[in-house]
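Next come the chains, spelled out residue by residue.
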Amino acid sequence: MARVQLRRGEEGRLQRGHPWVYRTEIASIHGTYTPGDIVAVEDYRGRFIGRGYINPASMITVRILTNDRDEKIDKVFWRRRLTAAVDYRRRVLAGAGTDAYRVVFGEADFLPGLIVDKFGPYLVVQTLALGIDRFKETLVEILDELLQPAGIYERNDAPVRELEGLELRSGFLKGPFDPQVIIQENGLKFYVDLAAGQKTGYFLDQRENRAALQSLVKGARVLDCFCHTGGFSVHAAHYGAREVLGLDISPEAIAMARRNAILNGFGNLCSFEEANVFDALREFERRKERFDVVILDPPAFVKARKALEGAIRGYKEINLRAMKLLSPGGFLVTCSCSYHMPEDLFLEVIQSAAMDARRRLRLLARRGQALDHPVLLGYDESRYLKCLLLEII
């Protein structure tokens, strides 16, 4: 087995549990290997740290699978890891009223680069790193045995695969079946397009935050910005809102949102418009529109640290405009799914927007991603979703 030796002083982050070895941290590589092979990682003195798969084409050159020198990476290993991931979800989601959840959350489940989502009786699989992609057939076989899904779909069309030197592809791994399925979430039903929807088809990480609307929206006029396929909108209607307007720039998402509202009996209560949210918020302000609850769940404005400055401006703009539309005592639900926007900085941006909007805020709750997207301490990238519940004073 080839050995990757780190530069002096680069071992601390890995010893604290972070699973990535960056190209710039490597002093030397001893032995021969093929990209995707399992290699040992050592500190500068040659002391064992862990083993993982290597891809010299990627800035993340090694992804650690185990810190146990004697643990074999074989089919028994993969079964053990997948079984642990499945068992965890069964425990934390018992009684949650959902049949859709993340089964495997990559590094947070000690399976770097692997994403598996369950939508009703179907699974969607992503292998986003070269090393894990080499084991795809074995992983799918084990998942089929453990969960016995009616079908499995591959959504390996994520651009991040290109950074690993992998081709983009999607299609049936077990099937075929109609990729438009209906899932249950918090007692509601939603259409999900496994083949063409965002990510693997639906934003499962917001499930618990959508349920948190229950105490905020009764009798309210609600504006749901970046509504995607209507998750927050339909929940708001279900929890007693008197009127819900959803905005999204994607016509496909708006069409699906309307279907989801009708599916749950809220076709008359919920309306949806195709719009640029930034422009729409300015127009609502010009018309002196007022809402009781505004929800902001934008896509990631910052996908790399170098884009942070522009993202800060974007987050401040939409939050400032939203605050100006809220009546006193109204609620703002504002989110960021950008890992590079840490929560403390996000709060600073929100407070700056409030000062410019001449509003005072009361923080009701700081929330994050759902329990099926666990946060692994030592691996900060696993904690990416921020959701703040705020009252406008």
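Not measured: the values here are computed from a predicted model.

Peer 1: I keep staring at the overall build of the protein chain and nothing clicks. Help me out?
Peer 2: The helix and strand tally for the protein chain stands at 11 helices and 20 strands. Scaling as 2.2 N^0.38, a compact globule of 393 residues should have a C-alpha radius of gyration of about 21 Å, and the protein chain matches this with 22 Å. With respect to the three principal axes, the spread of C-alpha positions in the protein chain is 70 × 45 × 35 Å. The proportion of buried residues among the 393 residues of the protein chain is 55%. Taking contacts inside the protein chain between residues at least 6 apart in sequence as the whole, the part at least 24 apart equals 63%. Element-wise, carbon and sulfur atoms account for 50% of the exposed surface of the protein chain, whose accessible area totals about 17400 Å². Placing the 56 positive and 52 negative side-chain charges of the protein chain at their respective mean positions leaves the two points 4 Å apart.

Peer 1: What is the right way to look at the environment of Arg 90 in this model?
Peer 2: When you line up the elements, Arg 90 lands in helix H2 (residues 75-92). Counting along the chain gives 25 residues from Arg 90 to Leu 65, while the straight-line C-alpha distance between them is 23 Å. The residues contacting Arg 90, other than those within four sequence positions of it, are Leu 146 and Leu 147.

Peer 1: Just to check I follow, could you spell out the packing of aromatic side chains for this structure?
Peer 2: The geometry of an aromatic ring pair comes down to the distance between the two centres and the angle between the two planes. One pass over the full model with this rule turns up 14 aromatic pairs. For the pair Tyr 315 and Phe 346, a centre-to-centre distance of 5.6 Å together with 75 degrees between the ring planes defines the contact as edge-to-face. In this pair, Tyr 315 sits in helix H10 (residues 308-325) while Phe 346 sits in helix H11 (residues 343-357), placing the two residues 31 residues apart along the sequence. For Tyr 315, a relative accessible area of 0% puts it in the buried group. Between the NZ or CZ atom of Arg 259 and the centre of the ring of Tyr 191, over which it lies, the distance is 3.8 Å.

Peer 1: What is the right way to read the packing of H10 against H11 from this model?
Peer 2: For any two helices packed against each other, one specifies the crossing angle of their axes together with the interaxial distance. It is at 8 Å that the axes of H10 and H11 come closest, and there the two elements cross at 45 degrees. Taken together, the axis directions place H10 and H11 in an arrangement best described as oblique. Every pair of crossing elements has a handedness; the one defined by H10 and H11 is right-handed. Here H10 contributes Leu 308, Ile 312, Tyr 315, Lys 316, Asn 319, Leu 320, Met 323 and Lys 324 to the contact with H11, which in turn contributes Leu 345, Phe 346, Val 349, Ile 350, Ser 352, Ala 353, Ala 354, Asp 356 and Ala 357.

Peer 1: Help me understand the sheet that holds strand E17 (residues 291-296), please; the structure alone is not making it clear to me.
Peer 2: The strands that make up a sheet pair up through hydrogen bonds in the backbone, lying either parallel or antiparallel. With respect to topology, seven strands assemble into an open sheet ordered E16-E15-E14-E17-E18-E20-E19, the strand pairing being mixed. The strands lining the two open edges of the sheet, one partner per strand, are strand E16 (270-274) and strand E19 (361-367). Between one strand axis and the next, the sheet turns through 15 degrees on average, direction left out of account. Judged from the five bridges that link them, E17 and strand E18 (residues 326-336) form a sheet pairing that is parallel. Within E18, the position partnered with Ile 295 by the bridge is Val 333.

How each quantity is defined
- Residues numbered from 1 in each chain as written.
- Predicted model: local features only at pLDDT ≥ 70, side-chain atom pairs only at ≥ 80, totals over all residues.
- Heavy atoms only, no water.
- Helix = DSSP H or I, 4+ residues; strand = E, 2+ residues; numbered from the N terminus.
- Rg over C-alpha atoms; globule rule 2.2 N^0.38 Å.
- Buried < 20%, exposed > 50% of the residue type's maximum accessible area, 1.4 Å probe, protein only.
- Contact = heavy atoms within 4.5 Å.
- Areas by Shrake-Rupley, 256 points an atom, 1.4 Å probe, with all protein chains shown as cover.
- Lys, Arg positive; Asp, Glu negative; His and termini not counted.
- Charge placed at Lys NZ, Arg CZ, Asp CG, Glu CD.
- Phe/Tyr/Trp six-rings, centres within 6.5 Å; stacked < 30°, edge-to-face > 60°.
- Lys NZ or Arg CZ within 6 Å of the ring centre and 35° of its normal.
- Axes fitted to C-alpha atoms, helices over the stretch in contact; angles between N-to-C directions.
- Parallel < 35°, antiparallel > 145°, perpendicular 65-115°, else oblique.
- Left-handed = near helix turned anticlockwise from the far one by under 90°.
- Pairing = 2+ DSSP bridges.

By themselves these figures say nothing about function.
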